[in-house]
Each structure stands twice: as C-alpha cells, then as structure tokens.
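Tertiary structure, described
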Amino acid sequence: MEHTNKQNETYLQSIERKGYSRRDFMKFVAFIGAYMGVESTALGQVAKSLATTPRLPVIWEHFQECTCCSESFIRSDHPIVADIILDKISLDYTLTLMAASGHQAEAAKKSTMEKYKGDYILCVEGSVPLGDDGNYCVIAGRTAIDILKESAAGAKAIIAWGSCATTGCVQAAKPNPTNAVPINKIITDKPIINVPGCPPIGEVMAGIIVHVVAFGKLPELDSSGRPKAFYSKRVHDSCYRRPYFDAGLFVESFDDENAKKGYCLYKVGCKGPSTYNTCGNMKWNGGISYPIQSGHGCLGCSAPNFWDAADSFYSRDLNILDGKVEESSDTIGKIALGGVVAGAAIHAVASNISKRKDLNRRIKEGEEGEKKIAKDQI
C-alpha cells in the first residue's frame, strides 16, 4: 500500500514528505531551471508541474558499462536530486541502486511495464553487444538485446546515458570484438535522448528528467539527438584558457613553464575545440572544477568514437575547425612573434587586441607571484 501511495505522489509531495520546505522546493526549481537553460518566466511552469504531476515511472537498465553514469547522477550537487528524483527512480527498477534483487527486482520492473505501458521512461546505461547472438552480455540467462527490446517496447521515450549507450564508447572501439553498438542501432521506433559523456554531468542528467516532467515533452534535440541546452557549444567556446589559444600561447609538455602559466592545452591533446559539452560552464563536483581547469586537456569523451578519434589522447586533432586550429597554433603565433619572445606575442597578435589587457594582467600577476615566492624563500 505504501508503494502504491508513493507511486501517485507528486514531486512536491515527495519533497515535503522528506522534510524539505516550500522554500527549499523553490530553490531547487531555480537551481535545476538554470541548468536546464529555461527562461526565468518559465520557472513557474516548472514549479507547477513538479507540484501537480505524479512521479515519473522510470526503468533504468544496465548493460556493457562501468556504472560511472549512475555514480555521477547520485553525486549531483543538489540534495533534492538525490533524495527525491533518485528515490523515485529506485522504486521502479535499477539493479545498481534498488534495495530489491533477483525475482523481487524483476517483479517490480514487470509491474511498472504493465501498469504504465506507453507512459514510462526507459533509461539505458551501457552498450549492447550483437556478436555471437548477444551472448557476450547475458543477465539471468537473457541477452542484453532481448532485455532492451522488451523494456523499450512499452516506453514513452528512451534516455541513453553516457557515451557507451550513445556511441558505443570503449566497448565499440577498434577492433570491437563483441560488435558492441549504441542503443539507437537496435531501437529505431522510439524517440531517444542521447546524453553522451564518460560520464555525463549529474546536473545534466537530472535536468533532462525534470524537463520531461515539467513540460511533458522531450527537450529540444540537435541532429545527433543530444539536448541543445547542454550540447550546443564546444568546450572550447567556454574555456577560460581560450585567450591563450587565440594568442598562440600553448603548453608544449605537461611539465614546462607554459603549463605552470596556465596556457592552452591544445598541443598536448586537448579535444575541447571539437567536443560539444557544458563542462566549462557547469563543471564537476559542485561546480568546483573540470579537467581543463585541473591541468589536463579535454579527452573528448562526449564526442563520437572518441576512443578511435586520434592516435592517442595526447595527440593533436588535426581535423578540427577545418584544419585552421593548426594554423592558429603554429602559423599565427609564428607570424605574430616575428622571432621575438613569447611574452611579446601578446602585443603583436593583431586579431587578439581585445584580449591584451587580460593576458598582460595574468602574466604580470604570475611574475609578481614568482618574485614573492623567491623573496619568501630567501
């Protein structure tokens, strides 16, 4: 009986039952609305929908994956995401997080599929192998292919979490011995929201579910089936190191002086110019940082075939931006420098006049910091 009552609860009722106030609820609406990219005028609709809409039935399947998508989701920065959104999901079906297992878990999934046929959301984490009739991934005597087709048959829509489910990821990397494929290669008659990343950001995942609940439809998708709110811009476009890229100031190796100065990481393999994701805006771990800010280039984990896209994670992508990136890094800097030291390049690159002050300020701060450290050590 308790399970039935919770099934009919709205999200607001769930929040209140957990001890959160109306103020907490509205803060959550503003928080998730900002991540979803909705206008402030639409926040009222989000709040109303979460207050009046019964919880969304969700089945979450796991196939060939490492569970990093689930790990990312449960570590969302906002507690309501974990306590409410995830709590509601775990009551339906997800082998990784639900308390039940075995026959009890399968019974819960079957009940959801029958009771909410045509109305539940299917989330899929992991790729599916087609090789050897699917026998490379067998769960309780059934292949992942059979399980996926059964779960998808009554789904209203499908969310493919992570690069494994959206592009095949490492399982589909050459030579792909299991013939692993993304979900959209098997299910072709249902709308699929592709959420690439290894893993995606937790707030992105929560924002997509809330969008479906709040507006009763899928978010606007690009030609690759990705939500435009989160995948419309390249990591390069929001990177704080972009001024250095434009000025031709690059890290040549991870232990050189340019790395210490925080210069652009393109030459040591950063795939930010060819990768569409929101890492630079939303960041990770509560908005603290992201790979580039931590000193490592973007691996391009949300890009198609990122495991096979280059010779290694640290080789330059020569095909991005119609080949002009190599020109930017090697030619423009060379022409602008005219044989002088790299510090003078900031004053010489004509296309970066607007960035001169910022670059000069950063270099000066770095020099002053070095002098202070040297003085303190004497």
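Look above for the structure.
A short note on helix α10 (residues 202–215)
Look at α10: 20 Å from first C-alpha to last across 14 residues, which is about the 20 Å you get at 1.5 Å a residue. With 13 of 14 residues buried, α10 is to be regarded as a mostly interior element. At the C-terminal side of α10, Gly216 shows a positive phi close to 65 degrees.

A few points about the sheet that holds strand β1 (residues 58–62)
With parallel pairing, the four strands of this open sheet are ordered in space as β1-β2-β6-β8. Each edge of the open sheet carries a strand with a single partner, namely β1 and β8 (192–195). Averaged over neighbouring strand pairs, the angle between their axes works out to 20 degrees when direction is ignored. One ladder, built from six bridges, connects strand β2 (residues 120–125) with strand β6 (residues 155–161); its direction is parallel. Across the sheet, residue Tyr120 finds its bridge partner in β6, namely Ala155. This element, helix α8 (residues 144–153), spans β1, β2 and β6 of the sheet and lies at about 155 degrees to β2. Sitting on the sheet, α10 touches β1, β2, β6 and β8, and the angle it makes with β6 is about 165 degrees.

Some words on the pairing of β6
Within β6, six of the seven residues are buried, which leaves the element mostly enclosed by the surrounding structure. As judged from the four bridges shared by β6 and β8, these two strands associate in the parallel manner. Its bridge partner lying in β8, Ile158 is registered against Ile192.

Details of empty space enclosed by the protein
Under the definition given, this model contains one cavity of 30 Å³ or more. Considered as a void within the structure, the largest cavity measures approximately 80 Å³ in volume. Contributing to the lining of the largest cavity are 13 residues, with His236, Cys239, Cys264, Cys270 and Ile292 lying nearest its centre. Across the lining of the largest cavity, the residue classes tally to nine nonpolar, two polar and two charged.

Some thoughts on the packing of helix α4 (residues 43–52) against α10
Two measures define how a pair of helices packs: the angle their axes make with one another and the distance between the axes. Contact geometry for α4 and α10: axes closest at 8 Å, N-to-C directions at 85 degrees. When the interaxial angle is binned, α4 and α10 end up roughly perpendicular. Together, Gln45, Val46, Ser49 and Leu50 of α4 and Val210, Val213, Ala214 and Phe215 of α10 make up the contact between the two elements. A class-by-class count of the residues in the contact of α4 with α10 yields six nonpolar, two polar and no charged.

Comments concerning the packing of aromatic side chains
Aromatic rings considered in pairs are described by the distance between their centres and by the relative angle of their planes. Summed over the entire model, instances satisfying the criterion amount to 11 aromatic pairs. With 5.0 Å between their ring centres and 40 degrees between their planes, Tyr244 and Tyr263 make a pair best called tilted. Here Tyr244, found in helix α12 (residues 242–247), pairs with Tyr263, found in the loop between α13 (257–260) and α14 (279–282); they are 19 residues apart in sequence, far enough to count as distant. The exposure class assigned to Tyr244 is buried, which follows from its relative accessible area of 3%. According to the relative accessible area criterion, Tyr263 is buried, its value standing at 4%.

Observations regarding the nonpolar core
Grouped together as the largest cluster of nonpolar side chains are 58 residues, with contacts concentrated most on Leu50, Ile159 and Trp161. Excluding residues within four positions of it along the chain, Leu50 makes contact with Thr10, Tyr11, Leu12, Phe25, Phe28, Val29, Val210 and Val213. Judged by nonpolar contacts, the second largest core, of 23 residues, contains Tyr120, Leu122, Ala155 and Ala165.

Conventions adopted
Residues numbered from 1 in each chain as written. Predicted model: local features only at pLDDT ≥ 70, side-chain atom pairs only at ≥ 80, totals over all residues. Heavy atoms only, no water. Helix = DSSP H or I, 4+ residues; strand = E, 2+ residues; numbered from the N terminus. Expected span 1.5 Å × (residues − 1). Buried < 20%, exposed > 50% of the residue type's maximum accessible area, 1.4 Å probe, protein only. Pairing = 2+ DSSP bridges. Axes fitted to C-alpha atoms, helices over the stretch in contact; angles between N-to-C directions. Contact = heavy atoms within 4.5 Å. 1 Å grid on protein atoms, 1.4 Å probe; cavity = no way out; pocket = protein on both sides within 12 Å on 5 of 7 lines; lining within 4 Å. Points joined across faces, edges and corners; volume = space filled by probe spheres on them. Nonpolar A, V, L, I, M, F, W, Y, C, P; charged D, E, K, R; others polar. Parallel < 35°, antiparallel > 145°, perpendicular 65-115°, else oblique. Phe/Tyr/Trp six-rings, centres within 6.5 Å; stacked < 30°, edge-to-face > 60°. Core = buried A, V, L, I, M, F, W, Y, C linked by side-chain atoms within 4.5 Å.

Shape descriptors only; they carry no functional weight alone.
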